[in-house]
Amino acid sequence: MKYNVGFIGAGNMGFAIMKGITGSSMADDIALHVFDPSQEAMVRAEQLGAASEKNSAELVSKCGYIFLAVKPQQLDEVLADIKDEVTADKVIVSICAGITDDYIASKTIAGAKVVMVMPNTPLLLGEGATALAKSDSVSENEFGLVCSIFGSCGIYSVLPKDKMKEVIAINGSSPAFIYLYAQSFIEYAKSVGIDEKAATDLFAKSLIGSAKMITDSGRTIDELITMVSSKGGTTIAGLEKLRENDLDKAVRECCEACTKRAYELSK
Ligand SMILES: NC(=O)C1=CN([C@@H]2O[C@H](COP(=O)(O)OP(=O)(O)OC[C@H]3O[C@@H](n4cnc5c(N)ncnc54)[C@H](O)[C@@H]3O)[C@@H](O)[C@H]2O)C=CC1
Ligand SMILES: O=C(O)[C@@H]1CCC=N1
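What you see is a predicted model, and the numbers here were worked out from it, not measured in a lab.

**Here's the deal with the overall build of the protein**
(1) Moving on: Within the protein one finds 11 helices and 8 strands.
(2) Moving on: For the protein, the C-alpha atoms occupy an extent of roughly 70 × 35 × 35 Å along the three principal directions.
(3) Moving on: Buried residues in the protein amount to 33% of all 267 residues.
(4) Moving on: Long-range contacts, defined here as pairs at least 24 residues apart, represent 68% of the contacts in the protein between residues at least 6 apart.

**Looking at the UniProt feature "domain: Pyrroline-5-carboxylate reductase dimerisation" (unreviewed entry) in the protein**
(1) Moving on: The UniProt record marks residues 162-265 with the feature "domain: Pyrroline-5-carboxylate reductase dimerisation" (unreviewed entry), using the residue numbering of this structure.
(2) Moving on: End-to-end, the C-alpha atoms of residues 162-265 are 15 Å apart, and along that stretch the chain is 74% helix and 0% strand.

**Brief notes about the site of ligand 1**
(1) Moving on: Taken together, the neighbourhood of ligand 1 is formed by 28 residues, with Gly9, Gly11, Met13, Cys96 and Ala97 sitting nearest.
(2) Moving on: Contributions of two or more residues to the shell around ligand 1 are made by helix H1 (12-22) and helix H4 (75-82).
(3) Moving on: Here the element with the most residues in the shell around ligand 1 is H1; it accounts for 3 residues.
(4) Moving on: Among the residues forming the shell around ligand 1, the class breakdown is 15 nonpolar, 10 polar and 3 charged.

**Digging into H1**
(1) Moving on: Burial of H1 is extensive: 8 of the 11 residues sit out of reach of the surface.
(2) Moving on: Along H1, the residues that are buried comprise Met13, Gly14, Phe15, Ala16, Ile17, Met18, Gly20 and Ile21.
(3) Moving on: Among the structural elements, strand E1 (3-8), strand E2 (30-35), helix H2 (39-47), strand E4 (65-68), strand E7 (128-134) and helix H6 (140-151) are those in contact with the buried residues of H1.

**Here we look at the domain arrangement of the protein**
A common measure of how large an interface is: the accessible area buried when the components associate.
(1) Moving on: Each assigned domain of the protein is listed here: domain 1 (3-161) and domain 2 (174-265).
(2) Moving on: Once you take the C-alpha centre of each, domain 1 and domain 2 turn out to be 32 Å apart.
(3) Moving on: If you look at the interface, domain 1 gives 6 residues, while domain 2 gives 4 residues.
(4) Moving on: A class-by-class count of the residues in the side of domain 1 that touches domain 2 yields 3 nonpolar, 3 polar and no charged.

**Things to note about the nonpolar core**
(1) Moving on: Judged by nonpolar contacts, the single largest core of 59 residues is most densely connected at Ile8, Ile66, Leu68, Ala69 and Val93.
(2) Moving on: Broken down by element, the residue count for this core peaks at 6 residues, all from H1.
(3) Moving on: The residues contacting Ile8, other than those within four sequence positions of it, are Phe35, Ser56, Leu59, Ile66, Phe67, Leu68, Ala69, Val70 and Val78.

**What to know about the sheet that holds E4**
(1) Moving on: Ordered in space as E3-E2-E1-E4-E5-E6-E7-E8, the 8 strands form an open sheet in which the pairing is mixed. Here the strands that pair on one side only, and so sit at the sheet edges, are strand E3 (51-52) and strand E8 (154-158).
(2) Moving on: Bridging between E4 and strand E5 (residues 91-94) involves 4 bridges; their strand directions are parallel. Looking at the pairing, Tyr65 lines up with Val91 of E5.
(3) Moving on: Sheet contacts for H1: E1, E2, E4 and E7; angle to E2, the most-contacted strand, approximately 160°.

How each quantity is defined
- Residues numbered from 1 in each chain as written.
- Chains lettered and ligands numbered in written order.
- Predicted model: local features only at pLDDT ≥ 70, side-chain atom pairs only at ≥ 80, totals over all residues.
- Helix = DSSP H or I, 4+ residues; strand = E, 2+ residues; numbered from the N terminus.
- Buried ≥ 20, exposed ≤ 12 C-beta atoms within 10 Å, placed from the backbone.
- Contact = placed C-beta atoms within 7 Å.
- UniProt positions renumbered as here; feature names shortened; annotations may be inferred.
- Near = placed C-beta within 6 Å.
- Nonpolar A, V, L, I, M, F, W, Y, C, P; charged D, E, K, R; others polar.
- Domains from an automatic or database assignment.
- Core = buried A, V, L, I, M, F, W, Y, C linked by C-beta atoms within 7 Å.
- Pairing = 2+ DSSP bridges.
- Axes fitted to C-alpha atoms, helices over the stretch in contact; angles between N-to-C directions.

See the structure below:
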């Protein structure tokens, strides 16, 4: 039996998750449905094999699992449109930053089954990192299916509900923070005459390799820093500057601003 999984919103993230599903081991178990007012978004989703629905209410009537993949500011309109089709057996999967299960239930039906998800765009390549939490009304089997979807195109972690805003800085938004950091290194390389492509490839592979060292080497981050830092060498000279310029403070303030915005978006 195939699960009918619908996407309301097929923009950056909705498309990334659908692409992740179609390229994963779950592809044969899932029939995708999509609604997005953007014709361009619909065409892209259709090319992945998703069935087009004429509006979000029709999509909800056909699907057991409904992904809300619109901007938080677009959510009220969507919830008003689907309210009459939401029943106690439907699982609503929200990827909207800051939005709680209680809010979705308050705009649809009391006790609505809601899974709150914070994914990230590397899902496009099957390299996603997704945080999930569920409302009490969602069964372990239902939650298991949603976890499997994200597990099939990356890794996932189950978190307490009340940490879903704080985690956004760690995985949802962090790709943008990492790209900005990468850009600074590449700009420096260009300024000293290194070819941009060579610098981009070298830095990106250094990010991938360093990430693998964090996850797979069995060493702590402090040990990994020490491994690179020769006594009296270049790394220590560079690290001193990052510490002098208080990288730690900049990162903390970045994460705090991200979390604060999530609370503002939450109703
Ligand atoms: N972009 C990212 O890296 C991440 C985004 N998110 C969350 O994902 C959600 C979507 O973000 P993006 O994909 O980046 O935005 P986006 O703007 O790329 O996509 C939103 C899509 O919703 C469609 N839409 C607008 N009104 C609609 C309606 N009434 N019914 C159906 N579709 C409608 C738009 O046409 C658009 O294609 C947001 O709530 C965001 O917080 C979560 C994690 C990461
Ligand atoms: O910027 C945003 O609000 C969304 C949530 C995480 C990544 N993008």
